[in-house]
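# Notes for the structure review
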2 protein chains.
Amino acid sequence: MSNIRQVANLAGVSVATVSRALQQPERVSPKTRNKVMLAVNEVGYKPNLMAVKFRSGKTHSLVALVPTVANVFFARVISGMQVAAAQRGYTILLANTLGDETIEANYAKMVQTSQADGLIQLRAHNPFDASINKPNELLPMVNACEVMHDINCPVVTLDNRAAAKAMTMHLIEQGHKRIALIKGPQSSPLTRERLAGYRDALTEAGLTFDEALLYPGDFTLQSGHDAATKIIASEHRPSAVFCENDETAIGAMQCFKQVGLRIPQDISIAGFDDISFSAFCDPPLTTIAQPAEEFGQSAVSLLIDLLEGKITKAPKVIMPFELIVRASTGPAPTS
Amino acid sequence: MSNIRQVANLAGVSVATVSRALQQPERVSPKTRNKVMLAVNEVGYKPNLMAVKFRSGKTHSLVALVPTVANVFFARVISGMQVAAAQRGYTILLANTLGDETIEANYAKMVQTSQADGLIQLRAHNPFDASINKPNELLPMVNACEVMHDINCPVVTLDNRAAAKAMTMHLIEQGHKRIALIKGPQSSPLTRERLAGYRDALTEAGLTFDEALLYPGDFTLQSGHDAATKIIASEHRPSAVFCENDETAIGAMQCFKQVGLRIPQDISIAGFDDISFSAFCDPPLTTIAQPAEEFGQSAVSLLIDLLEGKITKAPKVIMPFELIVRASTGPAPTS
DNA sequence: CGTTAAAATGTAACGGGTTTCATTTGGTTA
DNA sequence: TAACCAAATGAAACCCGTTACATTTTAACG
């Protein structure tokens, strides 16, 4: 591998001149510039950016902690992150953490060991160890989905409570009185916020909240299927099911259809996220659309601003949601 | 940020001793080691790994060129890559290229500028520019899906032709005589290989190959839906449709159901990949299962071996496939 | 032609580790 | 106690760019 000194020798100039010829061509005479360029081409010189980054102390890399890239919603967020990062000359280092705090901590260490400038977290968990703690100073981190309550951190999120309430209201307006809720992972604030929105709607409509209508889930197809199995077996079957994400809804939908329930005539189903598959279900899924790509873009942009000292407070960016009514929800059965 | 010199001063030893105390503790007397560790903790020293990488000339980073992380199959491959990389102390830098050759080239440059040691490509395209060319030497690259014909490069792949043939045979055995094929992107060798397998089966069964039964697609839900629309409108409707991936199949399936066709009674549908959604379709999709995670793992493992000089030839690893028969395929209608 | 400012170029320090080689320390043996 | 070897430690080079500062060249003007 050639280095700048070889180029300098070949061109008969100093290394400083080579560096300038490449970085600020106008600072070098055309004649010299020419000589340098010829030498660069001859030896196929490519600057060692590792050296540059080391020297500058800036890596222009950002670690993204993603519970699982296999989640279609996260895939969209990642996509957005990459776009914004590329625009501003940064690289995203994607970490598939499987929600494991040890793995998260390992990747977070990349920031503490100068391998990355900052970190984007998609879960509500602080991955840094105590050694980084500086009171009165923001950590080099933003959250692209969930609000973290124990730490002051910029966040891009959705009014999950309002969105869940809107969806629940939609179901109530269709005449549903017993609405099941298939929840997300216990550890996620999202789960609690959406549950709160669900309760808000019930309260507002004067319906009673029934613990028995809450089913656990973990945002996977399988967990939706499992919860649906329980719902079918339950005594007083609900006429609608609100799932805290689309994958759960699709899993549940399949289960209901397997046992011969018609959607939405016998049971309505609603999801959350509007992943691409939702429009292609049978029937197409009523859901909440989130601007996933913009979550990622916004988060990256915020993080870079923070790193470059352009912001010192931790903003909370609330993205808009949209209720998408498709064919999976309909009037409650009259029986 | 503290550095090794501060630690050395505080501990009253040389920087060399600090380095050794941390890297090879047995080479330092227990007493000194203790002093060093106390100093390390006191200043919260974390070695600057950027400096280490720069010094060593090894980044222990691998660039992965992924056309789109939103593709569920690729998401599984990525997952596998990450596991294998972590095991061997490497980091994956994920690049969402959208199939754009300029973006690919930009990321490939990271290898040429010493920011990454090697590259994993998921498409059949050489992202490197000519300047890296060394005849008789392998590029620091492996392909995790598609065989590249113009370049000698280790590859992990599937016998796509055999798999497509197996699926087509399955349909033929069900009595289907007119089988449509919804293809993948033109640029992908996968598309051609699967087409070849489809033809193989037809030939073997003595059925005639009909160009009119070939429909273009690009591995998205929407393209499946579009192709299905054309199939429905076609004169002599096929009784089965083989889609070159599951997303296409799911898109097509929805379209058929929308117009009232029953699956598989009226029309059979088969996919390729066995993504998680396929088991949760209605009806569940007959497909070809590929060990996606192992594609990623194998590719990373191969690349690291190559980088570490453990292999000098370019192996071609063929992974096994499995025909998964579910309810979306059935006997051809007798009419 | 001499003076002076501006432009061009060169020299060398710097960043933060690792590692080689040299030196010192410590313990063992005669 | 002297001699010797191994273990422990230190000094300094090294990786490769960038850049502040010093020096040289060029051009312009009186």
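Residues numbered from 1 in each chain as written. Chains lettered and ligands numbered in written order. Predicted model: local features only at pLDDT ≥ 70, side-chain atom pairs only at ≥ 80, totals over all residues. Heavy atoms only, no water.

## Here's the deal with unusual backbone geometry
- For the peptide bond that leads from Asp282(A) to Pro283(A), omega is -5 degrees, which places it in the cis range.
- In this structure, Pro283(A) sits in the loop between β9 (268-270) and β10 (287-289).
- Here the phi dihedral of Leu98(B) falls at roughly 55 degrees; this positive angle occurs in a residue that is not glycine.
- With respect to the element layout, Leu98(B) can be found in the loop between β2 (91-96) and α6 (101-112).
- The backbone of Asp273(B) sits at a positive phi, close to 130 degrees, despite the residue not being glycine.
- Its location among the elements puts Asp273(B) in the loop between β9 (268-270) and β10 (287-289).
- By relative accessible area, Asp273(B) is classed as buried at 5%. (Helix = DSSP H or I, 4+ residues; strand = E, 2+ residues; numbered from the N terminus. Buried < 20%, exposed > 50% of the residue type's maximum accessible area, 1.4 Å probe, protein only.)

## Brief notes about the pattern of salt bridges
- Scanning all chains against the criterion turns up 26 salt bridges over all chains.
- Residue Arg161(A) is joined to Asp200(A) by a salt bridge in which the shortest nitrogen-to-oxygen separation is 2.7 Å. Note that Arg161(A) is positioned in helix α7 (residues 160-173) and Asp200(A) in helix α8 (residues 189-205), a separation of 39 residues in sequence.
- Judged by its relative accessible area of 24%, Asp200(A) is partly exposed.
- Among the ionic pairs, Arg123(B) bridges to Glu104(B), the shortest N-O distance being 2.9 Å. (Salt bridge = Lys/Arg side-chain N within 4 Å of Asp/Glu carboxyl O.)

## Structural notes on the interface of chain A and chain B
- Between chain A and chain B, the residue contacts involve 47 residues of the former and 47 residues of the latter.
- Between chain A and chain B, roughly 4200 Å² of surface is buried when both sides are summed, and carbon and sulfur atoms account for 67% of that area.
- There are two salt bridges connecting chain A and chain B.
- Where Asp282(A) meets Lys257(B), a salt bridge forms, and the shortest distance between an N and an O atom there is 3.1 Å.
- Inspection of the chain A/chain B interface yields twelve residue pairs in polar contact (both at pLDDT 80 or more).
- At the level of secondary structure, the elements contributing two or more residues to the side of chain A that touches chain B comprise α4 (49-56), α5 (72-87), β2 (91-96), α6 (101-112), α9 (221-233) and α10 (246-258) of chain A.
- Sorting elements by how many residues they give to the side of chain A that touches chain B places β2(A) first, with six residues.
- Residues belonging to the side of chain A that touches chain B are distributed by class as follows: 25 nonpolar, 16 polar and six charged. (Contact = heavy atoms within 4.5 Å. Buried area = accessible area lost by both parts, 1.4 Å probe. Polar contact = N/O pair within 3.5 Å; in protein donor to acceptor, adjacent residues only side chain to side chain. Nonpolar A, V, L, I, M, F, W, Y, C, P; charged D, E, K, R; others polar.)

## Focus on the domain arrangement of chain A
- Split into domains, chain A comes out as domain 1 (4-45), domain 2 (58-157 + 292-319) and domain 3 (160-290).
- If you average the C-alpha positions of domain 1 of chain A and of domain 2 of chain A, the two centres end up 39 Å apart. (Domains from an automatic or database assignment.)

## Side note on the protein's contact with DNA strand C
- Lining the immediate environment of DNA strand C, one finds 27 residues, of which Thr17(A), Thr32(A), Arg5(B), Ser19(B) and Arg55(B) sit closest.
- The protein-proximal atoms of DNA strand C, defined as those within 4 Å of the protein, are 48% sugar or phosphate.
- Taking Thr17(A), its side chain carries an N or O atom lying 2.6 Å from a phosphate oxygen of DNA strand C.
- Within the side chain of Tyr45(B), an N or O atom sits 2.7 Å from a sugar or linking oxygen of DNA strand C.
- Going through the elements one at a time, α2 (15-23) and α4 of chain A together with α1 (4-11), α2 (15-23) and α4 (49-56) of chain B are the ones with two or more residues in the surface near DNA strand C. (Near = heavy atom within 4 Å.)

## Describing the protein's contact with DNA strand D
- Taken together, 25 residues are adjacent to DNA strand D, and Arg5(A), Ser19(A), Arg55(A), Thr32(B) and Arg55(B) come closest.
- Within the side chain of Arg5(A), a nitrogen or oxygen atom sits 2.6 Å from a base nitrogen of DNA strand D.
- Interatomic distance of 2.6 Å between a side-chain N/O atom of Thr17(B) and a phosphate oxygen of DNA strand D.
- When residues of the surface near DNA strand D are traced back to their parent elements, those giving at least two are α1 (4-11), α2 and α4 of chain A together with α2 and α4 of chain B.
- By residue number, the principal contributor to the surface near DNA strand D is α2(A), which donates four residues.
- When grouped by side-chain class, the residues that make up the surface near DNA strand D number ten nonpolar, nine polar and six charged.

## Here we look at the sheet that holds β9(A)
Residue and element names in this part refer to chain A.
- Strand order in the open sheet formed by four strands is β7-β6-β8-β9, with parallel pairing between adjacent strands. The outermost strands of the open sheet, each flanked by one partner alone, are β7 (214-215) and β9.
- Judged from the two bridges that link them, strand β6 (residues 179-182) and β7 form a sheet pairing that is parallel. Bridging across to β7, Leu-181 finds its partner in Leu-214.
- Docked against the sheet, α7 engages β6, β8 (240-243) and β9, running at close to 170 degrees with respect to β8.
- On top of the sheet, α10 reaches β6, β8 and β9; it is set at about 160 degrees to β9, its chief contact. (Pairing = 2+ DSSP bridges. Axes fitted to C-alpha atoms, helices over the stretch in contact; angles between N-to-C directions.)

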